[in-house]
Amino acid sequence: MPRNVRITTDEMVEIKQYATNEKKSHTWFLRVMVLRGLESYKRELAFKSR
């Protein structure tokens, strides 16, 4: 299911460069970054609830 994300032009250039370095698509890279962010956020919530 497609989703829209607000990305600046400079951010998109950086995303595409990282994706190219990994030999992956920019959409793959964005998905990985979102998933990493979610995991980080969950860890923060768990730490705060102690």
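Look a little higher up for the structure.
Here the structure is a predicted model, which is why all the values come from computation and not from measurement. (Residues numbered from 1 in each chain as written. Predicted model: local features only at pLDDT ≥ 70, side-chain atom pairs only at ≥ 80, totals over all residues. Heavy atoms only, no water.)

So, the packing of helix 1 (residues 9–22) against helix 2 (residues 26–48)
Inclusion rule: For helices, the axis comes from a line fit to the C-alpha atoms of the stretch in contact; other axes are also lines fit to C-alpha atoms, and the angle between any two N-to-C directions lies between 0 and 180 degrees. Where helices and strands are cited, they refer to DSSP runs of H or I of at least four residues and of E of at least two residues respectively, numbered from the N terminus. For classification, angles of less than 35 degrees are called roughly parallel, those exceeding 145 degrees roughly antiparallel, those between 65 and 115 degrees roughly perpendicular, and all remaining angles oblique. Contacts between residues were defined by any pair of non-hydrogen atoms, one from each residue, lying within 4.5 Å. Three residue categories are used. Nonpolar comprises Ala, Val, Leu, Ile, Met, Phe, Trp, Tyr, Cys and Pro, charged comprises Asp, Glu, Lys and Arg, and polar comprises the others, including Gly.
Relative to each other, helix 1 and helix 2 sit at 100°, their axes nearing to 8 Å. When the axes of helix 1 and helix 2 are compared, the pair comes out roughly perpendicular. In this structure, helix 1 contributes Met12, Ile15, Lys16, Tyr18, Ala19 and Glu22 to the contact, and helix 2 contributes His26, Trp28, Phe29 and Leu30. Per-class residue counts for the contact of helix 1 with helix 2 are 7 nonpolar, 1 polar and 2 charged.

Structural notes on the packing of aromatic side chains
Put simply, the rule is: Any two rings among Phe, Tyr and Trp, with Trp reduced to its six-membered ring, count as a pair given centres within 6.5 Å; such a pair is stacked if its planes are under 30 degrees apart, edge-to-face if over 60, and tilted if neither. Working definition: with a 1.4 Å probe on protein chains only, accessible area under 20% of the residue-type maximum means buried, over 50% means exposed, and in between means partly exposed. Criterion for a charge above a ring: Lys NZ or Arg CZ within 6 Å of the ring centre, and within 35 degrees of the ring normal.
For the coordinates displayed, the defined rule picks out 1 aromatic pair. For the pair Tyr18 and Phe29, a centre-to-centre distance of 5.7 Å together with 15° between the ring planes defines the contact as stacked. Here Phe29 lies in helix 2 and Tyr18 lies in helix 1, a separation of 11 residues in the sequence. The class of Tyr18 is partly exposed, set by a relative accessible area of 42%. Its end group placed over the ring of Trp28, Lys24 keeps NZ or CZ at 5.3 Å from the ring centre.

With respect to the pattern of salt bridges
Note the threshold: Between Lys or Arg on one side and Asp or Glu on the other, a salt bridge is scored when a side-chain nitrogen of the former is within 4 Å of a carboxyl oxygen of the latter.
Counted under the stated rule, the structure contains 1 salt bridge. The salt bridge partner of Glu39 is Lys42, with a shortest N-O separation of 3.5 Å. Remark: Lys42 and Glu39 occur in helix 2; sequence separation between them is 3 residues, near one turn of the helix.

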